[in-house]
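Here is how the chains run, residue by residue.
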Amino acid sequence: MLEMSTAYIAPQSSGGAAPARCAWTLAEFAAAAGISRPCARGLYREFLLNSPLADMPAITRMDQGAGGIKFCMEAGHSGAVALETESVIVAMQSFHGHRWYTLCLSSQVGCRMGCTFCQTARMGLRRNLTAAEIVVQLMAARAILRGRVPMSGQSEASGADIRNLVFMGMGEPLDNFDAVVQAIRVFTDPNGFNMPMSRITVSTVGRIDGLKKLAALNWPHLRLAISLNAADDDLRSRLMPVNKAMPLAELRQALLEYPLPRRGRFLIEYVLIKDVNDSPQDAVKIAQWCRSLPVTVNVIAYNPQQPAPFATPGEDEMIAFVGQLRNLGIFAKRRVSHARELMGACGQLGNPNLRRASAAPA
Ligand code: SF4
């Protein structure tokens, strides 16, 4: 039974990776975990929560900064270049000083959506992650926070736990729909991590086909974030090529039809880019597009990149834009960029070697 359970989430060993232990017998895993009277359900939970690091793909890079910890795990090869997942443990703090951690998950290595403000797009899509490779990011993050992974310097996060999961790392989650849905099933399984659906956010560019499939699952408490970035079709198509096939009016209609729970809200993400989408007219267009949709608009400053095709707005410009939205009756917040110094903030993920390889002439 345990073999079946662990196979359900076991990380797949891919080309070039050290082989991971994918199928324990019940007796072997019970002995390794020090459990004298094993039952399959208890061992499954033990495997998920405290699995030995040797069972996971190797952590290839890890950087710690004030905003959190970014870590990469091996995910096979593309030609001569090693592929990695990228995940960010973000340290959060409430106004009253309460602290918790949010894990930003990748659903793909690279991405094919081509958003012009995002470094990941420059890698292209290297491959979809499996459900196991998504789940193992949480297993590794928990191991890091419990001090089971050697780090240079003291982890400020030691002993704490992860409260929220956000699919905002590399990739478009609805472009890898089945694996993401399967990973969410594992995260919320009461026999395992037992995470509430309401603490999981799927962030999408607005894939209408994916939104319809998600709606059909009837998971009303799953949180949905829509990356908007412009409420004008011409500008949005320039920033986000997906808008050419799925324009704003159709996206809005899909959201109107989405089965939100009573008092539920969509998160609308708006990356503010200096002199591109930050004018008072842009704020008016957002307010018009959001009319009669239950939304919270999160305004995020464009994060510096290497190289950066756009400019980052200053503090005053951020405050002014959020103020304009509020004056137009929109519930708007300024979202602080975390892990920017680690190149782990919104739009900054992606292996530089793969970006260079993608840019090189064939
Ligand atoms: S912003 Fe998201 S969807 Fe767009 S290219 Fe980057 S990773 Fe892909």
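About the cut-offs
- Each chain carries its own residue numbering, running from 1 in the written order of its sequence.
- Per-residue local features of the predicted model are confined to residues with pLDDT of at least 70, and side-chain atom pairs are confined, for both listing and counting, to 80 or more; whole-chain, interface and lining totals are unaffected and use all residues.
- Derived side-chain values reflect all non-hydrogen atoms in the structure, with water molecules and hydrogen atoms excluded from consideration.
- Any residue with at least one heavy atom within 4 Å of a molecule or strand is counted as near it.
- Amino acid classes used here: Ala, Val, Leu, Ile, Met, Phe, Trp, Tyr, Cys and Pro are nonpolar; Asp, Glu, Lys and Arg are charged; the rest, including Gly, are polar.
- Throughout this description, buried means an accessible area under 20% of the type-specific maximum (1.4 Å probe, protein chains only), exposed means over 50%, and partly exposed covers the range between.
- Numbering of helices and strands runs from the N terminus; a helix is a DSSP stretch of H or I covering at least four residues, while a strand is a stretch of E covering at least two.
- Any two strands with at least two DSSP-identified bridges between them are counted as paired.
- Note on method: axes are straight lines fitted to C-alpha atoms, helices fitted across the in-contact stretch only, with angles between N-to-C directions ranging 0 to 180 degrees.
- Residue-level confidence of the predictor, termed pLDDT, takes values from 0 up to 100.
- Residue contacts are counted whenever heavy atoms from the two residues lie within 4.5 Å of one another.

**Some thoughts on the site of the ligand**
So, point 1. In the neighbourhood of the ligand, the contacting residues comprise Cys111, Met113, Gly114, Cys115, Cys118, Ala121, Gly171 and Val205.
So, point 2. Its residues placed into classes, the shell around the ligand shows six nonpolar, two polar and no charged.

**Concerning the pairing of strand β2 (residues 68-78)**
So, point 1. Taken across its eleven residues, β2 has nine buried, putting it largely inside the fold.
So, point 2. In the sheet, strand β1 (residues 59-65) pairs with β2 via six bridges, with the strands oriented antiparallel. Residue pairing for β2: isoleucine 59 is matched across the bridge by methionine 73.
So, point 3. With antiparallel pairing between neighbouring strands as the criterion, β1 and β2 make up a hairpin whose turn holds two residues.

**A short note on the sheet that holds β1**
So, point 1. Ordered in space as β1-β2-β3-β4-β7-β8-β9-β10-β11-β12, the ten strands form an open sheet in which the pairing is mixed. Of all strands in the sheet, those with a lone pairing partner are β1 and β12 (332-335), marking the two edges. Strand-to-strand, the axes of this sheet are offset by a mean angle of 25 degrees, without reference to chain direction.
So, point 2. Here strand β11 (residues 295-301) runs beside β12; their pairing, made up of four bridges, is parallel.

**Details of the confidence of the model for the protein**
So, point 1. Confidence in the prediction of the protein, expressed as mean pLDDT, is 85, and 82% of residues score 70 or more.
So, point 2. Below a pLDDT of 50 lies the segment residues 1-20, which in the model reaches 54 contacts outside its immediate sequence neighbourhood of four places, other chains included.

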